[in-house]
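Here is how the chains run, residue by residue.
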Amino acid sequence: MNGKQKAQMQTGIYKPESIKDIAESLGINNLSDHVASALASDVEYRIHQVVEEASRFMRHARRTTLMPSDIDHALRVLNIEPLYGHSPAHPPRFRKVLVPSSGPVYFVEDEELDFDKVLKEEKIFLPKGVSWTAHWLAVEGVQPLIPENPPSIPRSDETAEQQIVNGQTQNGAGGSQFPPTPPSPSRPTPQSVKRTSNKQSLVKHVLSRELQLYYNRLTGSLIPPPTDQAKRSAALASLRIDAGLQSLLPYLVRWVAEGVVNSLKAGLSTEAEGRTLEVWLEVLGALLENSNFFIEPYLHQILPPLLSILLTATLPPSHSTPLRTLAAQTLSRLLTAHSTTYPSLSPRLMKTLLLALISPGKSKGTREGAVRGLMGVGKEATRKGLVESGGVKVVGDEIDSEAGNESLVTAVFDALISLRMPAADEPIPLDAESEVDKPIVEGLRETFGDFFARRMMNDGEWAKAILSGPGG
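Worth saying up front: this structure is predicted, and the values here are computed from it rather than measured. (Residues numbered from 1 in each chain as written. Predicted model: local features only at pLDDT ≥ 70, side-chain atom pairs only at ≥ 80, totals over all residues. Heavy atoms only, no water.)

**Some details on the nonpolar core**
Threshold: For this analysis, a nonpolar core means a set of buried residues of the types Ala, Val, Leu, Ile, Met, Phe, Trp, Tyr and Cys, connected via side-chain atoms within 4.5 Å. Burial classes follow relative accessibility: with a 1.4 Å probe on protein chains only, a residue under 20% of its type's maximum area counts as buried, one over 50% as exposed, and anything between as partly exposed. Numbering of helices and strands starts at the N terminus; helices are DSSP runs of H or I of at least 4 residues and strands are runs of E of at least 2. Only heavy atoms enter the contact rule, under which two residues are in contact if any of them lie within 4.5 Å.
Ranked by size, the top nonpolar core spans 80 residues in total, and within it L416 and F452 carry the most contacts. The leading source of residues in this core is helix α11 (residues 271-289), at nine residues. If sequence neighbours within four positions are ignored, F452 has contacts with V392, V395, G396, I399, V409, V412 and F413.

Right, here's the structure in full:
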């Protein structure tokens with residue numbers, strides 16, 4: 001029986017002597033032959049199991065050579081931690097050493113590296129790993145111009161139309177051999193026909209017939225301004241509360257923007273033109289008040305007509321101040337609703353209005369609009385533009401008297417009153433000759449200029465509060 005066990009102990013690839021060597025390296029001495037033989041048999045079984053699993057990966061890869069990566073995959077499948085430090089590109093090299101007492105021993109030969117050679121080699125940086133990110137492909141049918149989205153491709157009909165406008169066709173620079181037919185009022189040009197057909201087909205495909213009819217009746221009831229106020233109020237009320245007009249929103253915004261540009265380009269200072277601009281502002285205000293609209297993608301189209309009316313130099317005299325005030329109120333409503341979503345919106349608008357206020361060569365109407373626009377942005381913008389940046393002093397240096405400048409002077413004092421309300425009781429004026437009031441008077445003249453300082457001296461407490469700032 002002992003002879004059979006000894007025969008079984010000597011069979012197999014993995015020898016018990018290797019188990020004893022490993023045990024001695026771990027500090028386990030006098031390991032019995034029976035335990036060493038049992039461990040050797042188990043190790044040999046595990047090796048066969050790993051090799052068999054690795055051969056499956058080799059066959060699935062349609063290879064005839066077993067790679068170290070196959071062993072790694074097999075270890076992962078068997079829920080065993082894979083080996084680290086070995087890759088198919090750098091296979092390990094084993095050396096054989098004959099030991100008289102225990103026979104041949106195999107070990108991995110360490111590669112000798114030359115530091116000079118390693119330092120001279122070009123460094124290879126690992127590329128960035130694969131990652132996932134999210135971006136907007138389209139927002140309400142509008143594709144944002146970001147690097148992740150494909151660039152917009154111009155349509156072929158627009159390219160052909162541009163070639164016709166430039167006097168060229170696909171046949172060459174000369175086009176046809178016949179000269180073009182001159183246009184006449186009774187016969188439209190091919191360009192106008194193509195533009196009209198493109199616009200009609202676009203509206204026809206995007207909007208339903210009911211929305212097209214609603215759009216035509218709505219625009220017809222607002223422009224030109226009707227004499228019937230009930231009709232105008234009904235149209236604006238529909239824009240404020242109706243929930244099914246989201247598809248019409250881009251067309252309404254574009255209609256307002258084009259109407260404002262055409263009205264200001266005409267430069268007519270008539271009552272009718274003033275009423276028309278008032279209607280445009282009321283339409284923008286109604287669109288902003290409608291809580292059912294998703295209007296954020298169109299803010300960049302709403303701001304230009306607002307700022308154009310606010311900062312234009314020529315407006316009908318009887319409508320100049322009401323129009324600029326209404327534009328500032330609409331701008332304030334827009335910022336109140338969307339400044340939290342777009343934190344950079346208020347600073348950008350404040351910078352534009354500040355340049356219009358303090359830049360040299362600006363008209364009085366532009367400066368008045370800038371002052372009222374800063375009031376619409378908020379108290380912080382008003383103080384920074386009028387007090388800290390010297391906007392009041394710039395305005396005061398350009399006007400000599402209040403005659404003919406009533407609207408501009410009123411706008412400046414309205415802005416200053418919005419910073420701090422005057423006292424309700426009898427105001428106490430400042431005395432320029434008094435030693436106590438003299439530093440305050442000098443500060444007023446340095447900050448606000450002589451023109452406005454003389455008027456602010458009539459209320460000493462209010463002037464001190466404006467000059468000292470929010471904590472005064």
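So much for the structure itself; the text now carries on.
**Observations concerning the packing of helix α3 (residues 33-60) against helix α4 (residues 68-77)**
Our working rule: The axes used here are C-alpha line fits, helices contributing only the stretch in contact, and every angle between their N-to-C directions lies in the interval 0 to 180 degrees. Working rule for handedness: look at the near helix, and if it is turned counterclockwise from the far one by less than a right angle, call the crossing left-handed; if clockwise, right-handed. Polar here means any residue other than Ala, Val, Leu, Ile, Met, Phe, Trp, Tyr, Cys and Pro, which are nonpolar, and Asp, Glu, Lys and Arg, which are charged; Gly is therefore polar.
Relative to each other, α3 and α4 sit at 115 degrees, their axes nearing to 8 Å. For the pair α3 and α4, the sense of crossing is right-handed. Contact residues: α3 offers V50, E53, A54, F57 and M58, while α4 offers D70, I71, H73, A74, L75 and V77. For the contact of α3 with α4, a count of residues per class yields eight nonpolar, one polar and two charged.

**Examining the packing of aromatic side chains**
Short version of the rule: Each aromatic pair joins two rings of Phe, Tyr and Trp (for Trp, the six-membered one) with centres within 6.5 Å, and gets the label stacked for planes under 30 degrees apart, edge-to-face for over 60, and tilted for any other angle. Criterion for a charge above a ring: Arg CZ or Lys NZ at most 6 Å from the ring centre, at most 35 degrees from the ring normal.
A full pass over the atoms with the stated rule returns four aromatic pairs. An angle of 55 degrees between the planes, with centres 5.6 Å apart, marks the rings of F413 and F452 as tilted. Of the two residues, F413 is situated in helix α18 (residues 406-419) and F452 in helix α19 (residues 438-456); the sequence distance between them amounts to 39 residues. The residues F413 and F452 share a single accessibility class, namely buried. Taking 5.1 Å as the distance between ring centres and 85 degrees as the angle between the ring planes, the aromatic pair formed by F451 and F452 counts as edge-to-face. Owing to a relative accessible area of 4%, F451 belongs among the buried residues under this scheme. Here the aromatic residues F413, F451, F452 and W462 are joined through ring pairs into a cluster of three or more. Over the ring of F451 we find R455; its NZ or CZ atom is 3.9 Å from the centre of that ring.

**Digging into a nonpolar patch on the surface**
Here is the rule we go by: Patch membership needs two things, relative accessible area over 30% and no salt bridge, and members are linked within 9 Å if like-charged or within 5 Å if nonpolar (Val, Leu, Ile, Met, Phe, Trp, Tyr). Accessibility throughout is a Shrake-Rupley quantity obtained with a 1.4 Å probe, and a residue counts as covered only by protein chains that appear here. For this document, the term salt bridge refers to a Lys or Arg side-chain nitrogen within 4 Å of an Asp or Glu carboxyl oxygen.
Side chains of I22, L26 and I28 sit close together on the surface and give an oily, nonpolar patch of about 300 Å² of accessible area. Topologically, I22 is positioned in helix α2 (residues 16-25).

**What about the pairing of strand β2 (residues 103-108)?**
As a reminder, the rule being used: Between any two strands, pairing holds if DSSP finds at least two bridges.
Where strand β1 (residues 94-99) meets β2, six bridges bridge the pair, whose relative direction is antiparallel. Residue pairing for β2: V99 is matched across the bridge by G103.

**Regarding the pattern of salt bridges**
With the rule as written, the count across this model stands at 12 salt bridges. In this structure, the salt-bridge partner of R232 is E282, at a minimum N-O distance of 2.6 Å. Of the two residues, R232 is situated in helix α9 (residues 229-241) and E282 in helix α11; the sequence distance between them amounts to 50 residues. With its nearest N and O atoms 3.8 Å apart, the salt bridge here joins R372 to D414. Residue R372 is found in helix α15 (residues 364-377), and its partner D414 is found in helix α18; the two are separated by 42 residues along the sequence.

**Points about unusual backbone geometry**
Only a minority of non-glycine residues have a phi that is not negative, and only a minority of peptide bonds are not trans. In this chain, I223 is followed by P224 through a cis amide linkage whose omega measures -5 degrees. Residue N30 is not a glycine yet carries a positive backbone phi of 60 degrees. Tracing the backbone shows N30 in the loop between α2 and α3. Here N30 falls in the exposed class, since its relative accessible area comes to 79%.

**Remarks on the packing of helix α17 (residues 391-398) against α19**
For any two helices packed against each other, the geometry is given by the interaxial angle and the distance between the axes. The test is simple: Note on angle classes: values under 35 degrees are labelled roughly parallel, values over 145 roughly antiparallel, values of 65 to 115 roughly perpendicular, and the remainder oblique.
Closest axis-to-axis distance for the α17/α19 pair is 7 Å, and the angle between their directions is 30 degrees. Viewed along their axes, α17 and α19 adopt a mutual orientation that is roughly parallel. Crossing of α17 against α19: the hand is left-handed. Between α17 and α19, the residues in contact are V392, K393, V395 and G396 and R445, E446, T447, F448, G449, F451 and F452, respectively.

**Quick notes on α18**
Every α-helical turn comprises 3.6 residues, leaving residues that sit three or four positions apart pointing alike. Note the cut-off: Residue count minus one, scaled by 1.5 Å, sets the expected span of a helix.
End to end, α18 covers 20 Å across 14 residues, agreeing with the expected 20 Å (1.5 Å per residue, within 8%). On its buried face, α18 is in contact with α15, α16 (379-388), α17, α19 and α20 (460-468).

**Here we look at the confidence of the model for the protein chain**
For clarity, the cut-off: pLDDT gives the predictor's per-residue confidence on a scale running from 0 to 100.
Per-residue pLDDT for the protein chain has a mean of 82; in total, 83% of the residues score no lower than 70. Contacts from residues 3-9, a stretch scored under 50 in pLDDT, to residues over four places away or in other chains number three contacts. Segment residues 199-205 is flagged for pLDDT under 50; beyond a separation of four residues in sequence, or across chains, it makes four contacts in the model.

**Overview of α17**
Inclusion rule: Directions are taken from the helix axis to each C-beta atom, and the arc is the one they span.
Every buried residue of α17 is listed here: G391, V392, V395 and G396. Taken down its axis, α17 places every buried residue within 130 degrees of arc, on the same side. Where α17 is buried, its residues meet α14 (345-358), α15, α16, α18 and α19.

**A short note on the environment of E44**
What counts, and what does not: Here a polar contact is recorded for every N or O atom pair within 3.5 Å, except that within protein the pair must consist of a potential hydrogen donor and a potential acceptor, and residues adjacent in sequence are included only if both atoms are side-chain atoms.
Following the sequence through the fold, E44 ends up in helix α3. Here E44 falls in the buried class, since its relative accessible area comes to 19%. Through-space distance from the C-alpha of E44 to that of Y14 is 5.9 Å; in sequence the pair is 30 residues apart. If near-sequence neighbours (up to four positions away) are discounted, E44 is found in contact with G12, I13 and Y14. Only 3.4 Å separates the side chain of E44 from the backbone nitrogen of I13, close enough to count as a polar contact.

**Some points on the side chain of S221**
By the element assignment, S221 lies in helix α8 (residues 209-222). Non-local contacts of S221, meaning those with residues more than four positions away in its chain, are made with P226, K231 and A235.

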